[in-house]
Amino acid sequence: MTAPSITITLEPQVTGGAATGVGVSYVLCGVDLAEGDTLCRLPEIVVGVDGARVADEGVRASDEAGPLKLVHHKDEATPAYTYRRWQTNRATQGDITVEYFAPVRVVTPATTNGPLFDLRVEGQGISGGGVTFLALPEHEGDFDTEVGWDLRQLPPGSRGVTSHGEGTVRRTATLESLTYTFYIAGGIGSYPAEPDGTFGMLWLSEPKFDAVDVGAHIKRLYDEMCAFFREPAPGYRVFVRKHPFPGNGGSAFPGSRGFMFGWSEAEQQSTEALKRLLAHETVHNWPFLQGEPADISWYTEGTAEYYSLVLPHRSGVIDDNTFLELLNARAHGYYGNPLQTLTNDEAATRYWGDWRAQKVPYGRGLFYLIDLDHKIRRTSQRRRGVDDLVLDVLERQRAGQHVTTEDWVAMVVEELGEAGRLDFKAMTAGQWILPDLDCLGPRFVAQEVDIRQLHVGFDYSSFKAGAISGLVEDGHAARAGIRDGDIIVKAPAPHKLPGKPVGEITLMLRRGEDLLDITYKPQGALVTGRLWDLKATS
């Protein structure tokens, strides 16, 4: 039986010297729709980020019988997506052609940093994740896919690149995979300078950091990770985007063969810090589970944290001291986060409204995996570990299986018995994870320490709102002179505070006509945690 196919053409459009969006057209073959079926769908909101505002009547479609009249419908919102869909008014006949315009999302210096999936403009170039601008059918199964570019409106020498390659890319893939792909077009700078079929780092605005040094480092890490994860067909790209607002960070899709990294002139980072951040994002190319974000984010983010530490350390990319520095920073972020005892569901509910909740799956997943690895090694007399489970999940997925948290728990129970199930339930319920002191032996030893939690003394949402609210009476902030209603003019990056040891912070506030600089220690409760050091040698 012949597989269905889709042939997509992306045409960046330019007005007044700046890109305004992308014209999307595609031909769908081998798909028959009944009256009322969904022809295509597009998220209006995806994990807190705006999808392209395609007009309700902006999607045009036809088949061998002529034009199709489409009915527009909006689904109920879920924690991750709010979908819009276009449905057919009759059964389709033969090949289906779809056309529409996807405008870029407008961002300003006041925009809040978030996942880097939105379709965005830089000069005459565009970049974004397919999930925010590709309105595709929701059919499952493999398609023969072709994605090509029409770059006539862009300057001479412009390039069109996706996570899966440069220029026209043909492959067998699911339609979901096309949305879980990054796209960039324009006057692209890159490392290496000439297109490389295996690795590339690409940008539209010249970075203010050493992109060649960072790119070469990530390529080395990627090669090491390909070997560990047994990658059968290496190919990876890092897309670099300049923000007009404060905030650095990266975003990846499961199995997307790339990630989007954003940087801002308002928030400088050292080259070494960027290398460490991008190591986390590179891991995302491999470990993931199928399921709702609330159920799987501990695994997605936890494995990225775990392997961004242990693989560079095993391969000698980082030494013992750097490994300990990075691990202990994460320990401070885990034990010092007052929301760490939320359940997975509670953390997911608050995820996009509170930066502290966004950190929960990172630390929870990391220390669960450290603890689990130690227990499996101890039980198996060091013959097995977490690596075996993670690689087994990957092999099952490569064989076409969907692997869920239930499958993961079954694998853990096979290693540790019912104690493994209880540990998993405790983790998802938000119970503290306190690995054995010798869990990273034989070179490292943990110490049981008291770690001060972060408590800013007012609602954390105040940072996003730009004004103080929910001030804790007689708390550290109140005693320092902060008041409800104070306008926040300048503050430490709130998305970074939960990942650091608690120290002094300074807020610049406006109260009436006055500007105030107030410095205080945002200290909360002491909790028992773990920090690591090199084991003393005799």
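Before reading on, note that the structure itself is shown above.
These lines cover the structure that appears in this document, whether it is placed above or below. (Residues numbered from 1 in each chain as written. Predicted model: local features only at pLDDT ≥ 70, side-chain atom pairs only at ≥ 80, totals over all residues. Heavy atoms only, no water.)

The tally for this structure, following the rule as stated, stands at 34 aromatic pairs. Aromatic side chains tyrosine 180 and phenylalanine 253 sit 5.3 Å apart centroid to centroid with 10° between the ring planes, which places their arrangement in the stacked category. Remark: phenylalanine 253 occurs in the loop between β20 (249-252) and β21 (258-264) and tyrosine 180 occurs in the loop between α1 (175-179) and β16 (182-186); sequence separation between them is 73 residues. Across the pair, exposure class does not vary: tyrosine 180 and phenylalanine 253 are buried alike. (Phe/Tyr/Trp six-rings, centres within 6.5 Å; stacked < 30°, edge-to-face > 60°. Helix = DSSP H or I, 4+ residues; strand = E, 2+ residues; numbered from the N terminus. Buried < 20%, exposed > 50% of the residue type's maximum accessible area, 1.4 Å probe, protein only.)

As summarised here, the arrangement of the three strands in space is β23-β24-β25, forming an open sheet in which the pairing is antiparallel. On the outer flanks of this sheet lie β23 (487-490) and β25 (514-520), each paired with one strand and no other. On average, adjacent strands in this sheet sit at an angle of 40° to one another, irrespective of strand direction. Note: strand β24 (residues 505-511) against β25, seven bridges, orientation antiparallel. (Pairing = 2+ DSSP bridges. Axes fitted to C-alpha atoms, helices over the stretch in contact; angles between N-to-C directions.)

Quick look at the side chain of aspartate 486 now. The residue aspartate 486 is located in the loop between α12 (476-480) and β23 in this model. Aspartate 486 sits in the buried class, given a relative accessible area of 2%. Within the structure, the side chain of aspartate 486 is placed 2.8 Å from the backbone nitrogen of arginine 483, a separation counted as a polar contact. A polar contact is formed between the side chain of aspartate 486 and the side chain of arginine 511, at a distance of 2.8 Å. (Polar contact = N/O pair within 3.5 Å; in protein donor to acceptor, adjacent residues only side chain to side chain.)

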